[in-house]
Amino acid sequence: MIQIKDNKFVLNTKNTTYCFEISDTGHAMHRYYGKRVRFLPNLSDFDVIRQKREFITGNSIAYDKDHQALAMEDECLEISGSGKGDLRSPFISLVFADGSRTVDFIYDSCTLEKGTAERKTLPGSYGEEADVLTVSFVEKYYKVRLNIVYTVYEEENVITRYADLINEGSDPVRVERILSLQLDLPDSGYEGIFFDGAWAREMHSYHTSLAHGMHVSRSYTGTSSNRANPFFMVARPQTNEDRGECFGFNLIYSGNHMEITDANAYGKIRIQSGINEEGFAYILKPGDTFEAPEAVMSFSDSGLNALSHNMHFFVREHIVRGEWKYKDRPILLNSWEAAYFKFDEAKLLKLAKRASDAGIELFVMDDGWFGERDDDTKSLGDWVVNKKKLPGGLSGLADKINKLGLSFGLWVEPEMVNVNSDLYEEHPDWCLANPKRDHSEGRNQRVLDLSRKEVREYIIDTMSRVFSSANIAYVKWDMNRIFSDVYSGSARAGSVIVVDETGTHEVVNEEAISQHQGEVAHRYVLGLYEIMGALTEKFPHILFEGCASGGNRFDLGILCYFPQIWASDNTDPICRAEIQQGYSYGYPLETMGAHVSASPNHQTLRRTQLRTRFAVAAFGSLGYECNLNDFTKEQMDEIKDEIAVYKKYREIFQHGKFFRGGMGPLADLVPISDATSVLFNPTGVGNITEWTIATRYGTKAVGLMLKKLVAPNTQNMRYFPKGLEENTEYHFFNHELTYDIRDFGDLVNTVTPIHVKQDSLLMDLLAKKVKLPAETEDYTAYGSLLMSAGVALKQNFSGTGYNENVRYDQDFSGKLFFIEDVDEEVLKEKGAEATPEPEVTEAELAELAAEAEGENVSSQETVEEEAPAAVENTEEYEITDEESEEAEEEDDNEDDESDEEYEDDEDDSDEEYEESEETDGDNN
Ligand code: DGJ
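Just so it is clear, the model here is predicted, and its values are computed rather than measured.

Quick look at the overall build of the protein chain
Here's step 1: Helices and strands together make up the secondary structure of the protein chain, namely 19 helices and 44 strands.
Here's step 2: Within the protein chain, the proportion of its 924 residues that are buried is 60%.
Here's step 3: For the protein chain, restricting intrachain contacts to residue pairs at least 6 apart in sequence, the fraction spanning at least 24 positions comes to 73%.
Here's step 4: Summing over all exposed atoms, the protein chain offers an accessible surface of approximately 36,200 Å²; the carbon and sulfur share of this is 48%.

Quick notes on the packing of helix α11 (residues 573–584) against helix α12 (residues 610–617)
Here's step 1: Contact pair α11 / α12: the axes reach a minimum separation of 9 Å and the direction vectors enclose 15°. With respect to α12, the axis of α11 lies roughly parallel. Note on packing geometry: the crossing formed by α11 with α12 is left-handed. In contact with Pro573, Arg576, Ala577 and Gln580 of α11, α12 contributes Thr612, Arg613 and Val616.
Here's step 2: By residue class, the composition of the contact of α11 with α12 is three nonpolar, two polar and two charged.

Some thoughts on the sheet that holds strand β40 (residues 778–782)
Here's step 1: Within the open sheet, the six strands sit side by side as β33-β34-β35-β42-β37-β40. Their pairing is antiparallel. Strands with a single pairing partner mark the edges of an open sheet, and in this sheet they are β33 (657–660) and β40. Here the average twist between neighbouring strands, direction ignored, is 20°.
Here's step 2: Where strand β34 (residues 688–694) and strand β35 (residues 700–707) come together, seven bridges link them in antiparallel fashion. What sits directly across from Glu690, in β35, is Met705.
Here's step 3: Strands in contact with α12 are β34, β35 and β42 (813–821); relative to β42, the strand with the most contacts, it is inclined by about 55°.
Here's step 4: Its contacts with the sheet put helix α13 (residues 633–655) on β33, β34, β35, β37 (729–734) and β42, and the angle it makes with β35 is roughly 95°.

Some points on the pattern of salt bridges
Here's step 1: For the structure on display, the rule yields 52 salt bridges.
Here's step 2: A salt bridge links Glu176 to Arg101; its shortest N-O distance comes to 2.9 Å. Taken as a pair, Glu176 in strand β10 (residues 173–185) and Arg101 in the loop between β5 (92–95) and β6 (105–114) lie far apart in primary sequence, 75 residues in all.
Here's step 3: Classification of Glu176 as partly exposed rests on a relative accessible area of 21%.
Here's step 4: A relative accessible area of 48% means that Arg101 is categorised as partly exposed.
Here's step 5: The partner of Arg452 in a salt bridge is Glu454, with the nearest N and O atoms 3.0 Å apart.
Here's step 6: With a relative accessible area of 26%, Glu454 lands in the partly exposed category.
Here's step 7: A cluster of three or more residues bridged by salt bridges with shared partners is formed by Lys707, Glu775, Arg807, Asp809 and Lys815.

Some thoughts on the site of the ligand
Here's step 1: In the vicinity of the ligand lie 14 residues, with Asp366, Asp367, Lys476, Asp478 and Asp569 positioned nearest.
Here's step 2: Take Lys476: an N or O atom from its side chain is 2.7 Å from an oxygen atom of the ligand.
Here's step 3: For the ligand, an oxygen atom lies 2.3 Å from a polar atom in the side chain of Asp569.
Here's step 4: Partitioned by chemical class, the residues of the shell around the ligand number four nonpolar, four polar and six charged.

Examining the sheet that holds strand β2 (residues 8–12)
Here's step 1: Read across the open sheet, the four strands follow the order β1-β2-β3-β4; overall the sheet is antiparallel. The strands lining the two open edges of the sheet, one partner per strand, are β1 (2–5) and β4 (28–35). Neighbour to neighbour, the strand axes of the sheet diverge by 10° on average, direction disregarded.
Here's step 2: Relative to strand β3 (residues 16–22), β2 is paired through five bridges, and the arrangement is antiparallel. Bridge pairing in β3 links Phe9 to Phe20.

Quick word on unusual backbone geometry
Here's step 1: In this model, Ser599 is joined to Pro600 through a cis peptide bond whose omega is 0°.
Here's step 2: When you line up the elements, Pro600 lands in the loop between β31 (592–597) and α12.
Here's step 3: Despite not being glycine, Ala200 shows a phi value in the positive range, around 70°.
Here's step 4: In this fold, Ala200 is placed in the loop between β11 (191–198) and β12 (201–209).
Here's step 5: Although it is not a glycine, Asn444 sits at a positive phi angle of roughly 60°.
Here's step 6: Along the chain, Asn444 falls in the loop between α6 (422–426) and β25 (445–447).
Here's step 7: In this structure Asn444 comes out as partly exposed when scored by relative accessible area, which is 36%.

Comments concerning helix α7 (residues 453–467)
Here's step 1: Between its terminal C-alpha atoms α7 stretches 21 Å, which fits the 21 Å expected from 15 residues at 1.5 Å a residue.
Here's step 2: Of the residues making up α7, those classed as buried are Val455, Arg456, Tyr458, Ile459, Ile460, Thr462, Met463, Ser464, Val466 and Phe467.
Here's step 3: Contacts from the buried residues of α7 go to α5 (393–403), β23 (407–412), α6, β26 (474–477), α9 (520–538) and β29 (543–546).

What about the side chain of Thr612?
Here's step 1: Note that Thr612 resides in helix α12.
Here's step 2: Since its relative accessible area comes to 0%, Thr612 is described here as buried.
Here's step 3: When residues no more than four places from it in sequence are discounted, the contact partners of Thr612 are Pro573, Leu706, Phe812, Ser813 and Gly814.

Focus on the pairing of strand β20 (residues 294–300)
Here's step 1: When you tally the buried positions in β20, you get seven out of seven residues, the bulk of the element.
Here's step 2: Burial along β20 is two-sided: Glu294, Val296, Ser298 and Ser300 facing one way and Ala295, Met297 and Phe299 facing the other are all buried.
Here's step 3: Pairing analysis gives four bridges linking strand β9 (residues 158–167) to β20, with the strands arranged antiparallel. Residue pairing across strands places Val158 opposite Ser298, the latter belonging to β20.

Digging into the packing of aromatic side chains
Here's step 1: According to the stated counting rule, one finds 57 aromatic pairs in the structure shown.
Here's step 2: Aromatic side chains Tyr33 and Phe299 sit 6.3 Å apart centroid to centroid with 50° between the ring planes, which places their arrangement in the tilted category. Note that Tyr33 is positioned in strand β4 and Phe299 in strand β20, a separation of 266 residues in sequence.
Here's step 3: Since its relative accessible area comes to 3%, Phe299 is described here as buried.
Here's step 4: Taken together, a centroid distance of 5.7 Å and an interplanar angle of 50° make the contact between Trp477 and Phe562 tilted. Placement of the pair is Trp477 in strand β26 and Phe562 in the loop between α10 (556–559) and β30 (564–566), with a sequence separation of 85 residues.

Some remarks on the pairing of β42
Here's step 1: Of all the nine residues making up β42, eight are buried; the element is thus mostly covered by neighbouring parts of the structure.
Here's step 2: In this structure, β35 lies alongside β42, joined through eight bridges in antiparallel fashion. Counterpart to Lys700 in the pairing with β42 is Glu820.

So, α13
Here's step 1: Over its 23 residues, α13 runs 32 Å from end to end, which matches the ideal 33 Å to within 8%, given 1.5 Å per residue.
Here's step 2: When α13 is considered as a whole, its buried residues turn out to be Met636, Ile639, Glu642, Ile643, Val645, Tyr646, Tyr649, Arg650, Ile652, Phe653 and Gln654.

Things to note about the nonpolar core
Here's step 1: Membership of the largest hydrophobic core comes to 193 residues, with the highest contact counts inside it found for Leu146, Leu165, Met365, Trp369 and Tyr624.
Here's step 2: Looking at this core, the element that brings in the most residues is α9, giving nine residues.
Here's step 3: Core analysis: the second largest hydrophobic core is formed by 17 residues, Ile741, Ile754, Val756 and Met763 among them.

Thoughts on the side chain of Glu775
Here's step 1: Looking at where Glu775 falls in the secondary structure, it is placed in the loop between β39 (771–773) and β40.
Here's step 2: Looking at Glu775, its side chain comes within polar contact range of the side chain of Lys815, at 3.0 Å.
Here's step 3: Apart from residues lying up to four places away in sequence, Glu775 is in contact with Asn734, Tyr739, Lys794, Glu804, Asn805, Val806, Arg807, Tyr808 and Lys815.

Overview of the confidence of the model for the protein chain
One rule of thumb: low pLDDT means the predicted coordinates there are not for detailed reading.
Here's step 1: Per-residue confidence for the protein chain gives a mean pLDDT of 88; residues scoring 70 or more make up 85%.
Here's step 2: Note on residues 855–880: pLDDT is under 50 here. Beyond four places in sequence and across chains, it has 77 contacts.
Here's step 3: Ignoring residues within four places in sequence, the model shows residues 894–924, a span with pLDDT below 50, making 56 contacts including any to other chains.

Thresholds, definitions, all that
- Residues numbered from 1 in each chain as written.
- Predicted model: local features only at pLDDT ≥ 70, side-chain atom pairs only at ≥ 80, totals over all residues.
- Heavy atoms only, no water.
- Helix = DSSP H or I, 4+ residues; strand = E, 2+ residues; numbered from the N terminus.
- Buried < 20%, exposed > 50% of the residue type's maximum accessible area, 1.4 Å probe, protein only.
- Contact = heavy atoms within 4.5 Å.
- Areas by Shrake-Rupley, 256 points an atom, 1.4 Å probe, with all protein chains shown as cover.
- Axes fitted to C-alpha atoms, helices over the stretch in contact; angles between N-to-C directions.
- Parallel < 35°, antiparallel > 145°, perpendicular 65-115°, else oblique.
- Left-handed = near helix turned anticlockwise from the far one by under 90°.
- Nonpolar A, V, L, I, M, F, W, Y, C, P; charged D, E, K, R; others polar.
- Pairing = 2+ DSSP bridges.
- Salt bridge = Lys/Arg side-chain N within 4 Å of Asp/Glu carboxyl O.
- Near = heavy atom within 4 Å.
- Polar contact = N/O pair within 3.5 Å; in protein donor to acceptor, adjacent residues only side chain to side chain.
- Expected span 1.5 Å × (residues − 1).
- Phe/Tyr/Trp six-rings, centres within 6.5 Å; stacked < 30°, edge-to-face > 60°.
- Core = buried A, V, L, I, M, F, W, Y, C linked by side-chain atoms within 4.5 Å.
- pLDDT = per-residue confidence, 0-100.

See below:
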């Protein structure tokens, strides 16, 4: 709701108030942004919050002769120029035709409307019910107008603002900076929480005091970038996940951006964001309008989780659009880490068959299907199917995949070209490159110049042809390099369209080329939006997933067109937990593509359990990206089970309310030794990731506890669910598991009657048949108890004993919990959930013996074991003397060989598995 009276403006959301007023000098003075407050109906109480000043202080500039006490540097301003005494970072920097750089915008008028309007060049938030306030300012001496447009999303507690700059004069104006957000707050006692990173380690959160000086987080990669995400937060120092005052900001833009905080000499802070001014200069011709991207802001007085909820519901409701807005995202299998460039139709179909059997719903063919694309040095730009790999073309493959019960999707990277390609040969001038310089390449490719119309048309046409050539349900839109040598040979901005008797021509002169180079990076982004807009409109059924070497372009601009984005090329669950947690501050889970991949992981070589990989990937739009044909039957059974779990709870994972546990990025308020040491802080910061995702009204929830490193003798782990209803009775239970005896290594000998050598063939054989029962967590309690007291989990393994009531986590172990509103059905399920006692039947024993025989381990007699005291194993199994002796002997003599045989045996035992192939390791 927006209230306007006597040049006073109050913008209210459900829980927040934002207000400003026009001073008698015509400046928009910011007065308050925070928890919702109540004003008198005539707004006369603005007096309370108005800054008082009778005299100018020493060494300050008085604004003008009639306002001797007004020092612009000590006012909170909605927009700021330069040259009139404000020494802080300006909102806008202009150079007028006479060279003047002083900029001073004065209030002119305002309008109030219901519902957002589409912008000409940029995507933005949308809402029919939103209140939209346009405040129009004019430059005091030059004919330039600046419209600041505020949109209020009441339910989501979000206010957005953008700027349109209109040249109403007769001379061009050089725009050197025009930002989107400016929020001046009266004190600078805040911490900033920003997200930096690099390829494969995106969204690393760091926090820094903002009390003094300036802090800049920015991207200059041509993309919103993995180096600095445009989402950031500003919080009171004591704020944590569930308490404290904090602001969140984002930008609906996919190119170079900057976020600035500037604390001044008077203890005020200015918070800004917008297009990065580095390399930027836009010549605004008479009559033209420059649209600056839309900035998003939100406030919460109850911690970072609540702030994230505002952001999540805003993104869902007012950013993501089209058919996929509320639709469940399919579980996919992506071929990249399964095969890289090395595939043909048969291999893909084999993979797809496995995927389909496991319950996967969408098969995605990644890079390598077109031109002569056998590695990353060639063929980008040549979007013609490689018939050697796919003789039936895209439609042939898609049909076969569809017959397996899967929908079909594919990878494209339309914004790029390899020099080694037909496209480059034909149009070498279509790239961003300076013909006078050697070009600096990235991943052997160049960036197509999307500021050129003919390039945009080429991409729209070519992609339209590809997308309509088969039954394509999904497209992964990749973009694998950052910008260098930004130079457009066309500089369209400076070109003139001439129509004569021979047709329509673009006339570009040298002057135009040189003058407009500062626009190219921005015009690239506008070109990209035009392309994405055209294709998503043309193919509304396709689910598009954005990608840029993973998360190099994870932003709200992309999400206006593509409902999900591949969050990182790093699929290691331990790294991913941090990356996904980073994104979760500003973006809802379903916008993040998250995949289960191989172990050892291809980016870190870390080994992790399948259940951990699944548990982390489930908190996103789930996919698999591994060669399922190399997985054992046991692993495939586990995958099937996990997929069933995801399907059961998909609605929560993809549309729920997400909570981070623990204390969040401000956690190093904990003494530093405690915060960083697993030994001193085994259950805390950094070592344990604790997440809960609940339905919006808390009827059901799923939780995760992920432990990085095990610390001994730390028995008392508690899981604190969030988002439940205080007075609802819940059934709390864990994901049914069993443990692999190999994880206990040499310790198994405390229960075996015969010695089983660690890492031996015998151990492997036993492990196939014998599973240790895992702890069961099963409680019924009210939400208030679960949330406030936490769930005291079963005792942690500590080396002094083990039974089925001991909770055992290895390093890098993640486990899921489920919390359901108690009703009859759930209670029934509860009965069936109990972990069955593992048992080795006679038939299985015979099978075991036969297998062992195959490995030269004969079996005649059996020996009964008795559990020694050290480990109270409830399980029973039998094994022959000879079997064990021979296996031991074999282990002693032929350790390596027997291991190999076992692997072979595994492959043989499941004939439909293809032999694993080496990948070329290109994980870029
Ligand atoms: C980078 C992406 O992030 C990967 O997932 C994969 O699609 C490769 N590109 C393919 O070249």
